[in-house]
Amino acid sequence: MVARQLAARGIRDCRVLAAMAWVPREWFLPPHLAREAYDDAPLPIGSGQTISQPLIVALMTEALAPRRRDRVLEIGTGSGYQTAILARLAGRVYTIERLPDLLVEAEERFRRLGLTNIETRLGDGAAGWPECAPFQGIIVTAAAPGVPTPLTEQLAPGGRLVIPIGDLAAQELIILQRGPAGLVERRAGGVRFVPLISRLAFTEEPWT
Ligand code: SAM
């Protein structure tokens, strides 16, 4: 996976490649999908949610560029796969998920992997985690129509925020960095994520 799907397609950051080689993706899937764990694709994780394609996880992690001492906020724990990658690279990871069943399963995986630098919270991640702000990195792994204001407010000077912005059908990966003159935006191509469900994003799941 690391050589064929990531390095060969432009992922250059050795720390990101090493973290992705370390985390066993099969542990983050329902048992009947374990054989597909290294497919070049997103996969279902239950409750109508997905684990992202490895390339997208790598691209978002590389764009976030977490360093050893950073505090990183992740919105949308899902299976916990992206969280585990971040925990290998950052000082502490704060992750928020709205679906209790997914969060309980992810917490069990973190324990099994011995990842002790992860804090979890059940709730609406669009509000961020103000008590622990500011964050050097914020990553949103669900699609939003715009950047929720609490997240930009909780971004540290020099910090980066990575988020898919668009409608329910398709989004663009947006990277915001807080510079001396304000937020600077960069675009990193098209993506497709499940929606961020929040009064600050999409208010209802499209299938309900
Ligand atoms: N990063 C995850 C992984 O590695 O498995 C995949 C995340 S999945 C594409 C998006 C997740 O965002 C889902 O688990 C969904 O329940 C969660 N989500 C949606 N809206 C949310 C919200 N407002 N707050 C927190 N989590 C939310």
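As a reminder, the structure under discussion sits directly above these lines.
Thresholds, definitions, all that
- Residues numbered from 1 in each chain as written.
- Predicted model: local features only at pLDDT ≥ 70, side-chain atom pairs only at ≥ 80, totals over all residues.
- Heavy atoms only, no water.
- Helix = DSSP H or I, 4+ residues; strand = E, 2+ residues; numbered from the N terminus.
- Contact = heavy atoms within 4.5 Å.
- Salt bridge = Lys/Arg side-chain N within 4 Å of Asp/Glu carboxyl O.
- Buried < 20%, exposed > 50% of the residue type's maximum accessible area, 1.4 Å probe, protein only.
- Pairing = 2+ DSSP bridges.

Another aspect to go through is the environment of P54. If you trace the backbone, P54 turns up in helix α3 (residues 54-64). C-alpha of P54 to C-alpha of V2: the two residues are 52 residues apart in sequence and 8.8 Å apart in space. For P54, the contacting residues outside a window of four places in its chain are M1, Q5, L6, M20, R25, D39 and A41.

Tallied over the full model, the rule gives 8 salt bridges. A salt bridge links E119 to R92; the shortest N-O distance between them is 2.6 Å. Here E119 is found in strand β5 (residues 118-122), whereas its partner R92 is found in strand β4 (residues 92-97), with 27 residues between them in sequence. Relative accessible area serves as the criterion here: at 32%, E119 is assigned to the partly exposed category. Its salt-bridge partner being R187, residue E172 comes within 2.8 Å of it at the nearest N-O pair. With E172 in strand β8 (residues 171-179) and R187 in strand β9 (residues 182-191), this residue pair connects regions lying 15 residues apart in the sequence. Bridged by salt links that share partners, the residues E172, E185 and R187 form one connected network.

This paragraph deals with the pairing of β9. As defined by bridge partners, β8 adjoins β9 across 8 bridges and the pair is classed as antiparallel. When the sheet's bridge partners are listed, I174 is paired in β9 with R187.

This is a description of form; function is not addressed.
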